Amino acid sequence: MGIIHFIGNVLLNIYIFSWDTVLTLFNLILPNKAVGKITPKGHPGFGGKWPEYVRRKDGDSRCSCPALNAMANHGILPHDGRNIKFTEMSQKIRTTYNFSSTFCLFVPNYAAGYLKKSYRKDTFDLQDLDLHNAIEHDGSLVREDFYNCPDQSIIAVPLVEQLVACASGKDADGKPLLTAKDLSQALTQRRVDAKATNPNHFSTSLVHRTFGSANASTLLTIFGGRMDDIRSLLFDERLPDRWESRVRSQFGLTFGAFNSTVIKVQFGVKNPPSKGQPEQA
Ligand code: HEM
């Protein structure tokens with residue numbers, strides 16, 4: 001990476017996180033979007049009407065992220081999962097999930113960075129995102145570790161079953177709800193199990209543990225912990241009919257707001273200690 005590119009990225013990230021603070025404050029002041037109007041008019045999913053769901057076909061590119069795969073399965077991203085512009089992913093994540101413009105710029109730009117591509121000009125296939133130990137990491141909730149399963153688009157059904165079984169909360173109608181505590185316990189268990197089943201290759205770092213907590217926290221924020229919706233996302237990589245993001249803030253889910261959930265999940269996790277070292281967050 002050239003020095004100019006590096007400085008450009010530092011400045012961009014300063015801009016993103018400053019602007020994120022402003023959006024977080026505006027979200028606190030402004031009224032929420034009306035139910036049924038989270039996805040803007042004219043975009044797939046307006047009023048909870050998602051384009052037809054078509055399972056992946058042979059040759060389609062998919063990745064470890066259930067939320068991006070679901071977008072491809074509905075044709076919001078190209079169904080074959082190929083030649084996607086980073087800028088297109090940014091815009092479509094914004095309208096599909098109501099993440100803030102700051103998240104929708106930062107994460108795809110981060111992905112362009114680790115793929116050594118231009119965020120503004122280049123394209124990628126979904127499977128490219130699974131560069132091991134970039135965002136994709138060991139001990140995740142819905143995929144076997146890369147060493148045991150190099151194709152990270154494969155849904156690890158027993159792991160998803162384990163996750164959905166741990167929902168301990170209840171909504172107003174008595175339906176099961178996933179909580180931050182459930183996710184911390186699930187992540188703790190996954191890391192213990194992953195380390196035990198993959199002892200020679202299991203790796204972890206604070207950055208990857210934080211990605212793990214952040215990915216998992218989308219189930220509490222964007223999906224509101226609602227298990228019916230989460231099952232559809234994780235087992236079928238499908239957005240249910242009439243579903244819309246549970247985040248109703250005008251400017252979408254900012255890092256400022258999201259981090260309060262991520263921190264709660266992250267601090268509840270007990271990591272398997274390395275030899276001679278204490279447990280860590
Ligand atoms: C912005 C672009 C995005 C990229 C590049 C991305 C990438 C990834 C990757 C590489 C993983 C695998 C991590 C692992 O090994 O556990 C992942 C997992 C995940 N992502 Fe995404 N993602 C994006 C957006 C989203 C959005 C918008 C949502 C939710 C609405 C989401 C929800 C999830 C969930 C629930 C997981 C599974 C976590 C786990 O197994 O522990 N992602 N994502």
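Residues numbered from 1 in each chain as written. Predicted model: local features only at pLDDT ≥ 70, side-chain atom pairs only at ≥ 80, totals over all residues. Heavy atoms only, no water.

- As recorded in an unreviewed UniProt entry, the protein chain goes by Heme haloperoxidase family profile domain-containing protein and comes from Piloderma croceum.
- As recorded by UniProt, the Sequence similarities (unreviewed entry) comment attached to the protein chain reads in full: "Belongs to the chloroperoxidase family."
- According to the UniProt record, the Cofactor (unreviewed entry) comment for the protein chain reads "heme b". (UniProt positions renumbered as here; feature names shortened; annotations may be inferred.)

Some words on the pattern of salt bridges
Part 1: Tallied over the full model, the rule gives six salt bridges.
Part 2: The closest approach of N and O atoms between D125 and R82, which form a salt bridge, is 3.0 Å. On the criterion of sequence distance, the pair formed by D125 in the loop between β2 (123–124) and α5 (157–164) and R82 in the loop between α2 (66–73) and β1 (84–85) is long-range, its members being 43 residues apart.
Part 3: Judged by relative accessible area, which is 26%, R82 ranks as partly exposed. (Salt bridge = Lys/Arg side-chain N within 4 Å of Asp/Glu carboxyl O. Helix = DSSP H or I, 4+ residues; strand = E, 2+ residues; numbered from the N terminus. Buried < 20%, exposed > 50% of the residue type's maximum accessible area, 1.4 Å probe, protein only.)

Regarding the nonpolar core
Part 1: Core analysis: the largest hydrophobic core is formed by 61 residues, its most contacted members being Y97, F99, L129, L183, L219 and F223.
Part 2: Going through the elements one at a time, α2, α3 (86–97), α4 (101–114), α5, α6 (180–197), α7 (206–221), α8 (227–236) and α9 (255–268) are the ones with two or more residues in this core.
Part 3: Broken down by element, this core gets its largest block of residues, seven residues, from α4.
Part 4: Those residues in contact with F223 that lie beyond four places of it in its chain are Y97, T218, D229, I230, L233, L239, W243 and R246. (Core = buried A, V, L, I, M, F, W, Y, C linked by side-chain atoms within 4.5 Å. Contact = heavy atoms within 4.5 Å.)

Let's talk about α4
Part 1: The first and last C-alpha atoms of α4 sit 20 Å apart over 14 residues, in line with the 20 Å expected at 1.5 Å per residue.
Part 2: α4 sits mainly inside the fold: 10 of its 14 residues count as buried.
Part 3: Taken residue by residue, α4 has T102, F103, C104, L105, F106, P108, N109, A111, A112 and Y114 as its buried positions.
Part 4: Note on α4: the residue one or two positions beyond its end, K116, has a positive phi of about 55°. (Expected span 1.5 Å × (residues − 1).)

Notes on the UniProt feature "transmembrane region" (unreviewed entry) in the protein chain
Part 1: Mapped onto the present numbering, the UniProt feature "transmembrane region" (unreviewed entry) falls on residues 6–30.
Part 2: What you have in residues 6–30 is 96% helix and 0% strand, and the ends, taken at the C-alpha atoms, are 36 Å apart.

Structural notes on the UniProt feature "domain: Heme haloperoxidase family profile" (unreviewed entry) in the protein chain
Part 1: Those residues carrying the UniProt feature "domain: Heme haloperoxidase family profile" (unreviewed entry) are residues 49–260 in this numbering.
Part 2: Structurally, residues 49–260 is divided into 43% helix and 4% strand, and its ends, taken at the C-alpha atoms, are 30 Å apart.

Observations regarding the environment of S90
Part 1: Checked against the element boundaries, S90 lands in helix α3.
Part 2: The buried category is assigned to S90, whose relative accessible area is 7%.
Part 3: Along the chain, S90 and Y119 lie 29 residues apart, while their C-alpha atoms are 10.0 Å from each other.
Part 4: In contact with S90, other than residues within four places in its own chain, are C104, L105, P108 and Y119.

Examining the packing of aromatic side chains
Part 1: Tallied over the entire structure, the rule returns 16 aromatic pairs.
Part 2: Considering the side-chain rings of Y97 and W243, the 6.0 Å spacing of their centres and the 65° angle between planes classify their relative orientation as edge-to-face. Placement of the pair is Y97 in helix α3 and W243 in the loop between α8 and α9, with a sequence separation of 146 residues. Pair check on accessibility: Y97 and W243 agree, each one buried.
Part 3: Ring-pair connections join several aromatic residues into one group, and the members of that group are F17, F99, F103, F106, Y110, Y114, F211, F255 and F258. (Phe/Tyr/Trp six-rings, centres within 6.5 Å; stacked < 30°, edge-to-face > 60°.)

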